[in-house]
Amino acid sequence: MKLADLNRWVLVQKKKNLMKSSKINIADIVNWKIGNKKIYNYNRSFFSIVPFRFQQNKNKFWFQPLIVQKEVGILGIIKKVYKSIDYYLLQAKVEPGNVKGIQLSPTVQATKSNYLQKHGGKKTKYLNFFINNKLNTKIITNLRLSEQGTRYYDKSNNNILIDLKNKKIKKLNNFIWVTKKNLEYLLKKKNLLNMDTISVLSSSIQKNILDTPINNSSSIIDILKDLKKRIQIKKKAISFKDLKNWRIFKNKISDNKKNFFSIFFLRIKTNSREVKEWHQPIISDHSISFNGFLIKKKNNTNHYLLKAVQEPGLVLPRFTTTISIKNFNYKTRNSNIRFYNFFKNQKDIIKYVNSDEGGRFYKNETHNLIRVLKENDKVFLTKNFIWVSHNQIIDLIKRDLLTIEARNLFASFNIDKVI
């Protein structure tokens, strides 16, 4: 699609798909229970928010809630090839927490509660292509991948890309076929390409024919094994009254030191969703997130500097970006953040501005930065960091050993290599 036509289509969708989200007091929320030990929907579906006490090893403690959503959702994109050009079917979707109205989401972006219609609304469009094996489509990728481990408790979704194999389908309202060139353009637009779209694409990046890593795969996995031995995190569900350093206000639940997030409560009205009006809790970070990748070329191969982390909501350690920080503030001194100086005031930075999925997160914006190092740039590593090649990154994604922040930034940089 020509960029002028794409821009016009986006503008039309913004005018057509309307949503109003209003913050309300806790006492006014409908169909949700603010209990002593969790916040949950009356029909016991969708998601809940549970307070936890965490203990890392013997002497580090902290308290925070996490979103608990045991069901595995579907994030699916339909692909077709027309006149030797790849096209991907995306939908213009409004969510209560979106930064700028609509975002271009996967063909199907649905929790199990939604596609089973527990909200009492309409059916999820194109769902059959992802749950019916008899439709004669080709599954390119189908990976169960984790979500944010600092916000969810052990949450994952099925990331699926399917090829129509010359099967013709009707393009419904609010949907659009986009090319790889369109995807590259959309990534440059702030908060327009949905993070779940990027996540599906991250599972479908092609390997390079030439890939000569400087570290073998076993040494990469050894970093995670070592971290698992060194860091043990124990979780215990507690009551909200025992959630230390947090406070329950009339209209929100928030941490006093602003290290984590606030829980707000919304009334939503819309003209373009399966349900026209509902209430829900939603999580809002206090400030932006910062994700940064350092890349260096060695042996004619791009290598990414990964950091091993043990996030509280995930059972096993994973690799994340070189720098991954929630509630980041550009105005404060950040010299204590390892490798931050490689990104500060640099002219050769590649930047993407995305936001978290707006169904659970309220206007959470992330600044994703990439710095390709020069030959004379010196980088001194500690034991949690390692250089990983392009093809090795893809192997880590397939094993679900990369955080969503890292795989999405990797996909943004390599969008031209999507299958």
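Residues numbered from 1 in each chain as written. Predicted model: local features only at pLDDT ≥ 70, side-chain atom pairs only at ≥ 80, totals over all residues. Heavy atoms only, no water.

(A) Region of the structure containing the side chain of D255. Looking at where D255 falls in the secondary structure, it is placed in strand β15 (residues 252–255). Buried within the structure, D255 lacks any salt-bridge partner; its nearest side chain of opposite charge belongs to K258, at an N-O separation of 6.4 Å. Within the local environment of D255, its side chain forms a polar contact with the backbone nitrogen of F260, the two atoms lying 2.9 Å apart. A polar atom in the side chain of D255 sits 2.7 Å from the side chain of H286. The residues touching D255, leaving out its near neighbours within four places in the chain, are N245, W246, F260, F261 and H286. (Helix = DSSP H or I, 4+ residues; strand = E, 2+ residues; numbered from the N terminus. Buried < 20%, exposed > 50% of the residue type's maximum accessible area, 1.4 Å probe, protein only. Lys, Arg positive; Asp, Glu negative; His and termini not counted. Salt bridge = Lys/Arg side-chain N within 4 Å of Asp/Glu carboxyl O. Polar contact = N/O pair within 3.5 Å; in protein donor to acceptor, adjacent residues only side chain to side chain. Contact = heavy atoms within 4.5 Å.)

(B) Representation of the layout of surface pockets. Reported here for the largest pocket is a volume of approximately 1,300 Å³. For the largest pocket, the lining is made up of 49 residues, of which T150, E311, S324, I325 and K326 are closest to its centre. If one sorts the elements of the lining of the largest pocket by residue count, helix α8 (residues 404–413) sits on top with 5 residues. (1 Å grid on protein atoms, 1.4 Å probe; cavity = no way out; pocket = protein on both sides within 12 Å on 5 of 7 lines; lining within 4 Å. Points joined across faces, edges and corners; volume = space filled by probe spheres on them.)

(C) Molecular detail of the environment of V353. By the secondary structure assignment, V353 is in strand β22 (residues 349–355). C-alpha separation for the pair V353 and E365, spaced 12 residues apart in sequence, amounts to 7.1 Å. Sequence-distant contacts of V353, that is, excluding residues within four places in its chain, are made with K189, K190, N191, E365, T366 and H367.

(D) Spotlight on the environment of L381. With respect to the helices, strands and loops of the structure, L381 is situated in the loop between β23 (365–372) and β24 (385–389). Distance in space between the C-alpha atoms of L381 and F339 is 9.6 Å, their sequence separation being 42 residues. Apart from residues lying up to four places away in sequence, L381 is in contact with L305, F339, I386 and W387.

(E) How the structure looks around a positive patch on the surface. A surface patch of positive charge is lined by K14, K100, K189, K190 and K351. For K14, the location among the structural elements is in helix α1 (residues 3–16). For K14, a relative accessible area of 36% corresponds to the partly exposed category. (Patch = residues over 30% accessible without salt bridge, like charges linked within 9 Å, V, L, I, M, F, W, Y side chains within 5 Å. Areas by Shrake-Rupley, 256 points an atom, 1.4 Å probe, with all protein chains shown as cover. Charge placed at Lys NZ, Arg CZ, Asp CG, Glu CD.)

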